[in-house]
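# Overview (structure and organization)
Spelled out from the first residue to the last, the chains are:
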Amino acid sequence: DFYIENWAHGVKDFGKTVFIRLGHEMNDPYRYPWGSQNNKAEDFVSAWRHVVDKFNEIGATNVVWVWSPHPAYLLYQYYYPGDEYIDWLGVSTYGPFQRGDKYNDLRPEDLLEKAHKKFTEISKNKPYAVLEFGVTEL
């Protein structure tokens, strides 16, 4: 809690709006220590709520909390901390990665549509942001 409280005080003292993307892509089973290979979904949700509650207790209300699971791995709903704990939905999207990739003929809106549909099943009233976007050279 010392680390969390230190950050909360720093953000509060900063005084400007700060977007925090906490534990991004938490449903990715391969990359991150906070991911599903090391933690249960309910542990992630509990940790998220704990951090947000600490910030609120300290008065760091200038934070916009951004929840962003990995769109390629499903089960988003199990990692959702609840509408009262998030402000924005976020997504990262990439493609194509190599010649002949199935994404070569897709438009950006096609790449985002699948994630958008899943995310809005979870929360219909949150703003939506693209947080990462890229392709490799073809």
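Values in this document were obtained by computation on a predicted structure and should not be read as measured data.

### Section: the overall build of the protein
Helix and strand counts for the protein stand at three helices and four strands. Of the regular secondary structure in the protein, the N- to C-terminal order runs α-β-α-β-β-α-β. Restricting the contact set of the protein to residue pairs at least 6 apart, pairs at least 24 apart contribute 67%.

### Concerning the confidence of the model for the protein
Averaged over every residue, the pLDDT of the protein is 86; residues scoring 70 or more account for 86%. Per-residue pLDDT, averaged within each element of the protein, yields its smallest value for helix α3 (residues 108–122) (76) and its largest for helix α1 (residues 2–14) (98).

### Comments concerning the side chain of S68
Considering the arrangement of structural elements, one finds S68 in the loop between β2 (63–67) and β3 (88–94). Overall, the relative accessible area of 1% leaves S68 in the buried class. In this structure the side chain of S68 is engaged in a polar contact, spanning 2.8 Å, whose partner is the side chain of R21. Setting aside anything within four residues of it in sequence, one finds S68 in contact with R21, H24, E25, M26, G90, V91 and L131.

### Notes on the environment of P29
Along the chain, P29 falls in the loop between β1 (18–20) and α2 (41–58). Between the C-alpha atom of P29 and that of N39, which follows or precedes it by 10 residues, the distance is 9.6 Å.

### A word on the side chain of N62
Counting through the fold element by element, N62 comes out in the loop between α2 and β2. For N62, a relative accessible area of 15% gives the class buried. From its side chain, N62 meets the backbone oxygen of K16 in a polar contact 2.7 Å long. Discounting chain neighbours no more than four positions away, the residues touching N62 are V11, K12, G15, K16, T17 and V18.

### Focus on the packing of aromatic side chains
What the rule picks out here adds up to nine aromatic pairs. Residues F19 and W88 carry aromatic rings whose centres are separated by 5.5 Å and whose planes lie at 75° to one another, so their mutual orientation is edge-to-face. Of this pair, F19 sits in strand β1 while W88 sits in strand β3; the two residues are 69 residues apart in sequence, bridging distant segments of the chain. Three or more aromatic residues joined by ring pairs make a cluster, and in this case those are F44, W48, F55, W65 and Y79. The residue whose ring lies beneath K16 is F14, and the NZ or CZ to ring-centre distance is 5.9 Å.

The rules behind the values
Residues numbered from 1 in each chain as written. Predicted model: local features only at pLDDT ≥ 70, side-chain atom pairs only at ≥ 80, totals over all residues. Heavy atoms only, no water. Helix = DSSP H or I, 4+ residues; strand = E, 2+ residues; numbered from the N terminus. Contact = heavy atoms within 4.5 Å. pLDDT = per-residue confidence, 0-100. Buried < 20%, exposed > 50% of the residue type's maximum accessible area, 1.4 Å probe, protein only. Polar contact = N/O pair within 3.5 Å; in protein donor to acceptor, adjacent residues only side chain to side chain. Phe/Tyr/Trp six-rings, centres within 6.5 Å; stacked < 30°, edge-to-face > 60°. Lys NZ or Arg CZ within 6 Å of the ring centre and 35° of its normal.

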